[in-house]
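In case you want the letters, here they are:
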Amino acid sequence: MTSLFLTVALIVTAVCRLTAGQTCDPVPGSQCACTMSDGSGLMDMSSLADNELLSRQGFKEPSDDYHTYFFNPCKAIEGLGGDCAASENTASCQQGGAGAEHYRLGQQGPASYTYIPGADPFQIRIKYIGGTATDEGGTRSVVVTAVCDPNQELFVSYDGETGSAYDEILYAMTIQSRSICLNAGSSDNSSSSSSGGLSVGSVLCIVFFSLLIVYFAAGVAYMHGRHHKTGLELVPNLEFWQSVPGLIKEGALFVASPIQERVGGKRSYEQLE
């Protein structure tokens, strides 16, 4: 019984990983653009590079008048001092007081993009590393959640921080803009391409799980009502499901046999068993 459920779990996991494993891959030569791995579109924030709020003014957390935060997804922030100087290739900065303190929260370049599957509207999570080290020997990093909003030119907020100064302090920000929507710069851009929503892989996974549940529920009901079965015998097509682990083993041995021949000498399929 354990092997049966393990096999089903492996099949489901493989299907979902193959169909829903979308990524947004950075565009070579660009600091602030990525393309969806399934070809559904391009996310390009380059139109925000010279925005006044991002480039010069900065923004504050409503409950904190002391700190001002800066973030630019496309180029190094200019006009700041200390660890946030332009020469430091700063992507995000925390400025204290009247500009007396500057802590770099992340640098341009080593950013990682994470697509949030199923999010509606379309969202990308971007992490920047390379921030100013803490006095305790930890690091500073920032994660920015970029959200598509077709009706918003630009909204940016600071959402707080987590972690420890002895390990990593992770700062969180959110940026909302129509520039984040897929294919925002294309003349044929539409709400469907910009809003994101469920990916093809997510839909396939939902369909797969739904059919699997219906299959087992209907099968169990039929076996119990028509044939008065109980226990393990309630599983529809039990013999087939019990044979799946063995079939998987045989398939794995068949695939592995040529590798075994090259690595450890000629070994037959039967010998591997």
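Residues numbered from 1 in each chain as written. Predicted model: local features only at pLDDT ≥ 70, side-chain atom pairs only at ≥ 80, totals over all residues. Heavy atoms only, no water.

### Things to note about the packing of aromatic side chains
Under the definition given, this model contains nine aromatic pairs. Between Y215 and F216 the ring centres are 5.0 Å apart and the planes differ by 80°, which places this aromatic pair in the edge-to-face class. You can call Y215 partly exposed: its relative accessible area is 27%. By relative accessible area, F216 is classed as partly exposed at 22%. (Phe/Tyr/Trp six-rings, centres within 6.5 Å; stacked < 30°, edge-to-face > 60°. Buried < 20%, exposed > 50% of the residue type's maximum accessible area, 1.4 Å probe, protein only.)

### Digging into the pattern of salt bridges
Applying the stated criterion to the full structure yields four salt bridges. Among the ionic pairs, R178 bridges to E153, the shortest N-O distance being 2.6 Å. Of the two residues, R178 sits in the loop between β12 (168–177) and α3 (191–195) while E153 sits in the loop between β10 (139–148) and β11 (155–163), which places them 25 residues apart along the sequence. For R178, a relative accessible area of 33% translates into the label partly exposed. E153 gets classed as partly exposed once you look at its relative accessible area, which sits at 44%. (Salt bridge = Lys/Arg side-chain N within 4 Å of Asp/Glu carboxyl O. Helix = DSSP H or I, 4+ residues; strand = E, 2+ residues; numbered from the N terminus.)

### Thoughts on the confidence of the model for the protein
Residues of the protein with pLDDT of at least 70 account for 79%, and the chain-wide mean is 80. Confidence drops under a pLDDT of 50 for residues 187–196, and excluding neighbours within four residues, the segment shows 18 contacts in the predicted structure. (pLDDT = per-residue confidence, 0-100. Contact = heavy atoms within 4.5 Å.)

### Quick notes on the environment of P26
Position of P26 among the secondary structure elements: in strand β1 (residues 24–26). In this structure the C-alpha to C-alpha distance between P26 and Y113, which are 87 residues apart in sequence, comes to 7.2 Å. Apart from residues lying up to four places away in sequence, P26 is in contact with A33, C34 and Y113.

### Some thoughts on the state of the cysteines
On inspection of all chains with the given rule, the structure shows four disulfides. Paired by a disulfide, C24 and C34 hold their sulfur atoms 2.0 Å apart. Here the S-S torsion is close to 85°, and the disulfide linking C24 with C34 is therefore right-handed. Taken together, the positions of C24 in strand β1 and C34 in strand β2 (residues 33–36) put the pair 10 residues apart, joining distant regions of the chain. When its relative accessible area of 0% is taken as the criterion, C34 is described as buried. Two residues, C148 and C181, share a disulfide whose sulfurs are 2.0 Å apart. Taking the sign of the S-S torsion, about 85° here, the bridge from C148 to C181 comes out right-handed. Here the residue C148 occupies a position in strand β10, and C181 occupies one in the loop between β12 and α3, the gap between them amounting to 33 residues. Here C148 matches C181 in class, with each residue buried. (Disulfide = S-S within 2.5 Å.)

### Looking at the sheet that holds β2
By definition, the strands of a sheet pair up through backbone hydrogen bonds, in either a parallel or an antiparallel sense. Strand order across the open sheet formed by three strands is β1-β2-β3, with antiparallel pairing between neighbours. On the outer flanks of this sheet lie β1 and β3 (42–44), each paired with one strand and no other. Neighbour to neighbour, the strand axes of the sheet diverge by 25° on average, direction disregarded. By the bridge criterion, three bridges tie β1 to β2 in an arrangement that is antiparallel. Looking across to β2, one finds that C24 is bridged to M36. (Pairing = 2+ DSSP bridges. Axes fitted to C-alpha atoms, helices over the stretch in contact; angles between N-to-C directions.)

### Observations regarding the pairing of strand β6 (residues 90–96)
When you tally the buried positions in β6, you get seven out of seven residues, the bulk of the element. Both strand β5 (residues 64–71) and β6 contribute to a ladder of five bridges, which runs antiparallel. Considered in β6, the bridge of H67 is made with G96. The pairing of β6 with strand β7 (residues 101–107) spans six bridges and is antiparallel. Residue pairing across strands places G96 opposite E101, the latter belonging to β7.

### Details of the sheet that holds strand β8 (residues 112–115)
Within the open sheet, the five strands sit side by side as β8-β9-β10-β12-β11. Their pairing is mixed. The sheet terminates laterally at β8 and β11, the two strands that pair on one side only. Between one strand axis and the next, the sheet turns through 20° on average, direction left out of account. Summarising the sheet, β11 and β12 pair through eight bridges and their orientation is antiparallel.

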